[in-house]
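# Summary of the model geometry
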Amino acid sequence: MSAVLSATPPVLAAIGLMLVNGVVLIYMLRKVLGHLHLRLGPMHVGPKGIVQTTADVLKLLSKEDIKPNGVDRWMYVLAPVIVFVPSLMAYAALPFSETLRITRLDTGLLYTFAVLSLVPLGVIMAGWSSANKYALIGALRAAAQQVAYEVPLLLSVLPVVMIVGSLDLGEIVAFQTGVWMGVVPRWFVLLLLPSFVIFMISALCELNQTPFDMSEAESELVSGFATEYSSMKFGLIFLSEFSNSFVISALAVTLFFGGWTLPFVPESILVPIAPIVFVTKTYIGIFVFMWIRGTLPRVRIDHLMNLGWKWLIPTSLAWLMLVGVVVKLVAPGGVG
Amino acid sequence: MTDLRDTVLTHALQAEGTFGPGKAPAGIKRIPKGVDGLATEHLVVNIGPQHPSTHGVLRLVAELDGEEVVNVEVAVGYLHRGIEKLGEHRRYHQLGTLMDRGDYVSGIHCELAAALATEQLLDVEVPPKAQWLRSLMGEINRIASHMVWFGTFGLDIGAMGQFLYAMREREALVDVLESVTGQRMMFNYVRPGGVLDDITPDAEQKLRTFMRTIDAYIDEHHALLGGNEIFQKRVRGVGIIDRDTALSFALTGANLRASGIPYDVRRDKPYSAYGELDFDVPLGATGDAWDRYLVRMEEMRQAARMIGQCIDGLPEGDVMAKVPKVLRPPAGEVYACVESPRGEVGVHLVSDGSDTPYRFHYRAPSLFAMQVLEEIIPGNLLADAIMLVGSVDIVLGEIDR
């Protein structure tokens, strides 16, 4: 019982963070896409439309919970939960600063990827149980995409792990503190650029984001796997998507951009603002995702598969081998 | 081609238990495959009439094998308003209004076709200024219409930005049309004997301002969408309409020219001021979606060229010939055609000497472009089916009438 009680505050914190994040990100997406598209985005509810998302959430909450005819009832109800819960769990290991995180895990990186890879399970359940052909096609696309891109995503972060010698996200950040030769930040994006490129492509795919939004593909599949969902069930799926883009962007920041640290900033200043640095970096990453989303057309499913299997996996394997050899030659006893 | 219509009408989008084994809806053939006697079946998907990318109310009945479309049937008729029959009960002046509601994206051209046919019956001489204004407004409308195509083509391919960028250009042109005709769509501007009004100084000013940037904007659009590798990989070599297919399906407009056949009504049967305008007719080589894209982009540049020539060369004079209030053309039969952004729009009028046409028929280029979809979509992926619908640029208003 005491274990449950002691776990309650962090869980509530995670839920709070996720909800606030979701609301902020939805507003941000609409504004960013709006301005990218020469429009204004929401303008009417509150100053600059800032309360628009809140109004939308209230609308979603107050809508009738519709269960279409012919759905597989349990799967249909359970699917949004299966989509939502892993997204929530993924916050557990994110290091907002040296001390501020929900829990410290030695295998934080592995854990985060493990829970994130549960999300497509919910997507497939949603698509299968909806008794809708568009949803079914969307779910199958999600399955194919998941299998093809989980592998390069994991392979792309392995060089980081090899160099740091730890799966703890905090230690990965600690390794990137400071500068080389007085000017170059010790960020992995500079050391392992190919890893970062592969990570970004796979992450976009993992997030179902344009140009890889196959499983939703509005112009083809209406809303893909989420076609039959409405009210707060849809809200959960939607929220989970935004939460995932926060998590993936936070991972990118942690792995490649030095997490909560900033080069050239003395520790006395950095420590109090570390969470702000981390969140700001993450939001810049999310902005890049939104930028891509507002600009690029959608890749076709077979091109997507070709890119995944024929390019990303071989490239990341070759790069992994190269990094491994170099690490062994340069520092036989381990770098960290 | 099997007729899927009965199957799909009785079998709505989400009939219960469609997916389980042994529950194939009637009429769908199950194809046994050799692996442990596992049977797979084709999935019939009803794309439209309510669907985000059906360009109105097109319905595609697609038979899917996984992601691949093995068979497709185009079902139309959801926007039928009986325009042709209505035309038999309207006076000749009113035909333009009806035609506007056909291809609502390029109203000027449709009105023009009706006006040309009526003028042929009446044997009226249209004043030169009206001729030039018709070409001018037509070309403005052509760019506006192609911008709609460009934007929705981008949407079909999943690029949302292109649509809104294209709307920026269309907005400027529609403002000009509004300033001259009073309407943003359904202009009712071209009338038998001439046009409604002269171009206003305000509109001319707007147009000149716009003309300074249009070429740069078209290049920008082309660089952003056409220069994107994802886009090129999706449209190159997909949906090839070869010369024979194009001819046998009676395609016209950019779809025909993309297949390499140089037919353009403006050049081959000049009407209005086109005989005096200098323009090129862009041609494609292979007839794939990429060629259709390129031909339309080039058509926009040519239209911009013509607009420039029209504003500079606009003659002085009346905009309307002397025509009676109620037109009673002598008995006879005519066919008049114009090059709309979608192809050859033709109007066939039969007069019995009364004040309403005896028969009013309308050749809609989209109707033919739509039919070729059944030929080019099978064998492609579902995503390409949507893209190909966008690539032939159809407007359901003129298909269903």
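Residues numbered from 1 in each chain as written. Chains lettered and ligands numbered in written order. Predicted model: local features only at pLDDT ≥ 70, side-chain atom pairs only at ≥ 80, totals over all residues.

### Regarding the overall build of chain A
Applied cut-off: Numbering of helices and strands runs from the N terminus; a helix is a DSSP stretch of H or I covering at least four residues, while a strand is a stretch of E covering at least two. Based on C-alpha atoms, the radius of gyration is set beside the globule rule, defined as 2.2 Å times the residue count to the power 0.38. Neighbour counting defines burial: a residue surrounded by 20 or more other C-beta atoms within 10 Å of its own C-beta is buried, one with 12 or fewer is exposed, and intermediate counts give partly exposed, using backbone-placed C-beta atoms. Placing a C-beta atom from the backbone of each residue, one calls two residues in contact when those atoms lie within 7 Å.
Secondary structure assignment for chain A yields 13 helices and two strands. Against the 2.2 N^0.38 benchmark of 20 Å for 336 residues, chain A shows a C-alpha radius of gyration of 21 Å, consistent with a compact globule. Dimensions along the principal axes, computed over C-alpha positions, put chain A at roughly 65 × 55 × 45 Å. The buried share of chain A, taken over its 336 residues, is 46%. Of the contacts made within chain A by residues no fewer than 6 positions apart, 78% connect residues no fewer than 24 positions apart.

### Structural notes on the overall build of chain B
Each helix and strand in chain B was counted, giving 16 helices and ten strands. The C-alpha radius of gyration of chain B comes to 23 Å, within 12% of the 21 Å expected for a compact globule of 401 residues. Its C-alpha atoms give chain B principal-axis dimensions of roughly 80 × 50 × 35 Å. Here chain B, with 401 residues, has 52% of them falling under the buried criterion. When contacts within chain B are restricted to residue pairs at least 6 apart in sequence, long-range pairs at least 24 apart make up 69% of them.

### A look at unusual backbone geometry
The phi angle at Leu 38 of chain A is positive, at roughly 65°, despite the residue not being glycine. Of the residues examined, Leu 38 of chain A has 12 C-beta atoms within 10 Å and is grouped as exposed. Its identity is not glycine, yet Asn 188 of chain B carries a phi of approximately 55°, on the positive side. Summarising the element assignment, Asn 188 of chain B is placed in the loop between α6 (160-181) and β6 (190-191).

### Considerations on the domain arrangement of chain B
All names here are of chain B. The test is simple: By convention here, the domain bounds are inherited from an automatic or database domain assignment. Gly is placed with the polar residues, together with every amino acid not listed as nonpolar (Ala, Val, Leu, Ile, Met, Phe, Trp, Tyr, Cys and Pro) or charged (Asp, Glu, Lys and Arg).
Examined at the domain level, chain B breaks down into domain 1 (5-75) and domain 2 (83-400). Residue-level contacts link 16 residues of domain 1 with 19 residues of domain 2. Elements with a minimum of two residues in the side of domain 1 that touches domain 2: β4 (59-65) and β5 (68-75). Examining the composition of the side of domain 1 that touches domain 2, we find that seven residues originate from one element, β5, more than from any other. Grouping the amino acids of the side of domain 1 that touches domain 2 by side-chain chemistry returns nine nonpolar, four polar and three charged.

### Overview of the interface of chain B and chain A
On the side of chain A, 28 residues touch chain B, which itself brings 33 residues to the contact. With five residues, α6 of chain B is the largest single contributor of residues to the side of chain B that touches chain A. Considering only residue class, the side of chain B that touches chain A consists of 17 nonpolar, nine polar and seven charged.

### Brief notes about the sheet that holds strand β10 (residues 359-363) of chain B
All names here are of chain B. Put simply, the rule reads: Any two strands with at least two DSSP-identified bridges between them are counted as paired. Lines fitted to C-alpha atoms define the axes, with helix axes restricted to the stretch in contact, and inter-axis angles between N-to-C directions lie between 0 and 180 degrees.
The strand order β8-β9-β10 describes an open sheet built from three strands, whose pairing is antiparallel. Each of the sheet's edge strands pairs with one partner strand only, and the pair in question is β8 (332-340) and β10. Ignoring which end each strand starts from, the neighbouring axes of this sheet average 10° apart. Where strand β9 (residues 343-351) lies against β10, five bridges are found, and the strand directions are antiparallel. Residue pairing for β10: Gly 346 is matched across the bridge by Arg 363. Strand contacts of helix α4 (residues 107-122): β8 and β9, with the helix running at about 150° to β8, the strand carrying the most contacts.

### So, the sheet that holds strand β3 (residues 43-47) of chain B
Residue and element names in this part refer to chain B. Strand order in the open sheet made by the three strands is β3-β4-β5, with antiparallel pairing throughout. Taken across any chain shown, the strands that pair with only one partner, and hence form the sheet edges, are β3 and β5. Taken over all neighbouring pairs, the strand axes of this sheet differ in orientation by 20° on average, direction set aside. Across five bridges, β3 lies against β4 in antiparallel orientation. Looking at β4, one finds that Leu 43 is bridged to Leu 64.

### A look at the packing of helix α5 (residues 128-157) of chain B against α6 of chain B
Residue and element names in this part refer to chain B. Here is the rule we go by: Every angle not falling under 35 degrees, over 145, or within 65 to 115 is termed oblique; those three ranges are roughly parallel, roughly antiparallel and roughly perpendicular. Crossing handedness is read from the near helix: turned anticlockwise from the far helix by less than a right angle, it gives a left-handed crossing, and turned clockwise, a right-handed one.
Running from N to C, α5 and α6 point in directions that differ by 160°, and their axes come no closer than 8 Å. Relative to α6, the element α5 is oriented roughly antiparallel. The element α5 and its partner α6 pack so that their crossing is left-handed. Along the contact surface, α5 presents Met 137, Ile 140, Asn 141, Ile 143, Ala 144, Met 147, Val 148, Phe 150, Gly 151, Thr 152, Gly 154 and Leu 155, while α6 presents Met 160, Gln 162, Phe 163, Ala 166, Met 167, Glu 169, Arg 170, Leu 173, Val 174, Val 176, Leu 177 and Val 180.

### Notes on α6 of chain B
Note the following rule: Multiplying 1.5 Å by the residue count of a helix minus one yields the expected span of that helix.
Over its 22 residues, α6 of chain B extends 31 Å from the first C-alpha to the last, a length consistent with the 32 Å expected when each residue adds 1.5 Å. Taken from the residues just after α6 of chain B, Gly 182 of chain B is the one with a positive phi, measuring 90°.

### Some remarks on the packing of α5 of chain B against helix α12 (residues 289-313) of chain B
The description of two helices packed together rests on the angle between their axes and the distance between the axes. Residues and elements named next belong to chain B. Here α5 crosses α12 at 155°, and the two axes come no closer than 9 Å. The angle between the axes of α5 and α12 places the two elements in the roughly antiparallel class. By crossing handedness, the relation of α5 to α12 is classed as left-handed. The residues of α12 that touch α5, namely those facing Trp 132, Ser 135, Leu 136, Glu 139, Ile 140, Arg 142, Ile 143, His 146 and Trp 149, are Arg 296, Glu 299, Met 300, Ala 303, Ala 304, Met 306, Ile 307, Cys 310, Ile 311 and Gly 313.

### Describing helix α4 (residues 108-116) of chain A
Residues and elements named next belong to chain A. As a reminder of what qualifies: For this quantity, the arc is that covered by the directions from the helix axis to the C-beta atoms.
Taken together, the buried positions of α4 are occupied by Gly 108, Leu 109, Thr 112 and Leu 116. Buried residues of α4, viewed axially, fall in a sector of 105°; they line one side. For α4, the secondary structure elements touched by its buried residues are α3 (73-89), α5 (119-129), α6 (133-164), α7 (169-175) and α11 (231-256).

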